[in-house]
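In case you want the letters, here they are:
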Amino acid sequence: MSSSIELINPKAESVRRAAALQVNTNGAMGLASVVKSNLGPRGTLKMLVDGAGQIKMTKDGKVLLSEMQIQNPTAAMIARTAVAQDDQVGDGTTSVVLLVGELLKQADRYISEGVHPTVIAEGFDLAKKEALAFLNTFKQPNKLDRATLINVAHTSLATKLNASLAKQLAADVVDAVTTIRPPPKSKDSTDQWQNPIDLHMIEIMKMQHRTASETQLVRGLVLDHGARHPDMPKRLENAFILTLNVSLEYEKTEVNSSFFYSNAEQREKLVESERKFTDAKVRKIIELKNLVCDQAVDAKEKRKTFVVVNQKGIDPLSLDLLAKNGIFAVRRAKRRNMERLQLVCGGIAQNSVDDLTPSVLGWAGLVYEHTLGEEKFTFIEEVKDPKSVTLLIKGPNAHTIQQIQDALRDGLRAVKNAIEDEALVPGAGAFEVACSAHLSGTVKKSAKGRVKMGVQAFADALLIIPKTLAQNGGFDVQDVVVALQDEQAEGNTVGIDLQSGEPFDPTVEGIWDNYRVKRQMLHSWQVFNGMICQSLHRLFSSVIAVNLLSTDEILRAGRSSLKPDGQ
């Protein structure tokens, strides 16, 4: 009799022990080889073609990993981990994939020589703790003035856009984040809670028009629709802004009801009474407009105007009434734009027209409508103290616009992270070179027994970042790494100059990485049973490698184990 009985669907696939480890290693290294050429400013683009034949060209790691169809279970798990990294801190997806792939590659080198996976895993555990401790000493507290923040934004943007465009947009990104940044608490304040920076208050508006170099920061709001009446003014100056969430159209009752009439006069009275309810609300808006815009005929001050931005609908008859009174009205605005509008212009959004007073109005120096083909855009500019802004992306085609949008998203997150961390990490591979030297030296010497091999594997794996930067820059990888290590051994902070391939100090050139991105690169989602992402606890990315190293069986279920004959 067999000592153990195993029941399994006959159509299921089972891969065990050494073969399972090989599957995991090959999956991780295969995914890393796909995204490897995208890393850094000299990285190349990937072309994605979906089932409908739509083409997307990108070098953004998150976009690639989100839209690629990955069959290998190990590669799929690593991809999910990298996308989670982007959701957390906005950058570092490609680095995570490269690091995990290299960790498994280095571990496989030792395992093929007979070292047990758990020994390597113990070394990874020790190395991860020391790497995080080293990162806390390696980061540099910074005053984060405007010039430094522009360098941070440029470092992020330059990896996804051409150099001239990245340099131009870096200043706009910094100005956008600093505009919406909540004022810091005074040192004397008892409540030291600092409100986080809400990047949703930066509207990113796309306009397929002219060239990418005309992408600009609008210190106001741009709405993706215009007035819905041809007689409304197209340009207004010195405008009062009324923000509404009130239906200005006929609505059916919530209960089933019927009205019966026997002649045309009764029908006219019925229609008139229905209209009277909506017209009364419109007249209250007109009365408020007359109150605040009333000026003498010979007044020397600039003429006052009135704008209504409504989240709900406005029917044609109401639009006609507003147009006759010189009111510019926009209907069905997005809820998020209603929040931004109050931060841009001031005023208070109203859910009723019963208690309208001048105190609820905002103000803008200029409101105008821009028509582009069949699309209309409404610009609200020249506001007094904006707490929300718009990044207006322009480009000749959808591909360019999407590429700029992906880059701006990462750039905004980079500046936000720098402000909230109040510290930066030297870029250009400087941290990886320094941390690798620290692990290979001090940490490896203090480790006892065969754990040293796991620590050395971790140290060697970290060098994949500067190696890939050198390879994508067209330089000899071994020469670059040896030069970096020699320079670092003298106690210098050193990264790779992608213009010359020589070692240089990234802090002098203003190349900075986010502290939390480097920390999160060494972190990932906790993995249970080695394969399934379960919770939001942050652990080191080596946890993925440890779990994959500890996997000795992979099962792929058949079509169904519940039907007869596995059908």
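See the structure above.
Here is a short report on the structure shown in this document. (Residues numbered from 1 in each chain as written. Predicted model: local features only at pLDDT ≥ 70, side-chain atom pairs only at ≥ 80, totals over all residues. Heavy atoms only, no water.)

Observations regarding the pairing of strand 9 (residues 305-310)
Thought 1: Of all six residues that make up strand 9, six are buried, and the element is covered over most of its length.
Thought 2: Residues Thr305, Val307 and Val309 point to one face of strand 9 and Phe306, Val308 and Asn310 to the other, with burial holding for every one of them.
Thought 3: Note that strand 8 (residues 235-244) and strand 9 share six bridges and pair parallel. Each bridged residue has a counterpart across the sheet, and for Leu242 the counterpart in strand 9 is Val308.
Thought 4: In this sheet, strand 10 (residues 327-330) lies alongside strand 9 in parallel orientation, the contact comprising four bridges. In the strand pairing of strand 10, Val307 is matched with Phe328.
Thought 5: After leaving strand 9, the chain enters helix 9 (residues 316-324) and then returns to the sheet as strand 10, a path that is right-handed. (Buried < 20%, exposed > 50% of the residue type's maximum accessible area, 1.4 Å probe, protein only. Helix = DSSP H or I, 4+ residues; strand = E, 2+ residues; numbered from the N terminus. Pairing = 2+ DSSP bridges. Right-handed = clockwise from strand over helix to strand, strands pointing away.)

Here we look at unusual backbone geometry
Thought 1: Of note, Asn238 is a non-glycine position whose phi angle comes to about 55°, a positive value.
Thought 2: With respect to the secondary-structure elements, Asn238 resides in strand 8.
Thought 3: Of the residues examined, Asn238 reaches a relative accessible area of 15% and is grouped as buried.
Thought 4: Even without being glycine, Glu422 reaches a positive phi, approximately 55°.
Thought 5: Locating Glu422 in the fold gives a position in the loop between helix 11 (398-421) and strand 14 (423-426).
Thought 6: Given a relative accessible area of 54%, Glu422 falls into the exposed group.

Regarding the sheet that holds strand 8
Thought 1: Here six strands make up an open sheet; going across it, the order is 7-12-11-8-9-10 and the pairing mixed. Looking at strand neighbours, the two that pair on one side only are strand 7 (221-223) and strand 10, the edges of this open sheet. Each strand axis lies, on average, 35° off the axis of its neighbour in the sheet, ignoring direction.
Thought 2: In this structure, strand 8 lies alongside strand 11 (residues 362-372), joined through six bridges in antiparallel fashion. Bridge pairing in strand 11 places Glu237 opposite Leu366. (Axes fitted to C-alpha atoms, helices over the stretch in contact; angles between N-to-C directions.)

Things to note about the nonpolar core
Thought 1: The biggest cluster of nonpolar side chains holds 58 residues, and the ones touching the most others in it are Leu65, Val97, Phe431, Leu439, Phe458 and Leu522.
Thought 2: Counting residues per element, this core draws most heavily on helix 4 (residues 93-111), at ten residues.
Thought 3: With near-sequence residues (within four places) excluded, Phe431 lies in contact with Ala131, Phe134, Leu135, Phe138, Val425, Pro426, Lys518 and Leu522.
Thought 4: Counting residues in hydrophobic clusters, the runner-up holds 43 residues, among them Val307, Ile314, Ile380 and Val383. (Core = buried A, V, L, I, M, F, W, Y, C linked by side-chain atoms within 4.5 Å. Contact = heavy atoms within 4.5 Å.)

Examining helix 11
Thought 1: Its 24 residues place the ends of helix 11 35 Å apart at the C-alpha level, agreeing with the 34 Å of an ideal helix rising 1.5 Å per residue.
Thought 2: Within helix 11, 18 of the 24 residues are buried, leaving the element largely enclosed by the surrounding structure.
Thought 3: If you check the start of helix 11, you find a side-chain oxygen 3.3 Å away from the backbone N of His399, and it comes from Asn397.
Thought 4: Looking one or two residues past helix 11, Glu422 carries a phi angle of roughly 55°, positive in sign. (Expected span 1.5 Å × (residues − 1). Polar contact = N/O pair within 3.5 Å; in protein donor to acceptor, adjacent residues only side chain to side chain.)

Thoughts on the environment of Arg181
Thought 1: Tracing the backbone through its elements, the reader meets Arg181 in the loop between helix 7 (163-180) and strand 5 (202-208).
Thought 2: Taking the C-alpha atoms as reference points, Arg181 and Ile419, separated by 238 residues in sequence, lie 9.3 Å from one another.
Thought 3: Apart from the residues lying within four places of it in its own chain, the contact partners of Arg181 are Ile197 and Ile419.

Topic: the sheet that holds strand 6 (residues 216-218)
Thought 1: Ordered by their spatial adjacency, three strands build an open sheet running 5-13-6, and the pairing between neighbours is mixed. Taken across any chain shown, the strands that pair with only one partner, and hence form the sheet edges, are strand 5 and strand 6. Across the sheet, the mean angle from the axis of one strand to that of its neighbour is 25°, orientation sign disregarded.

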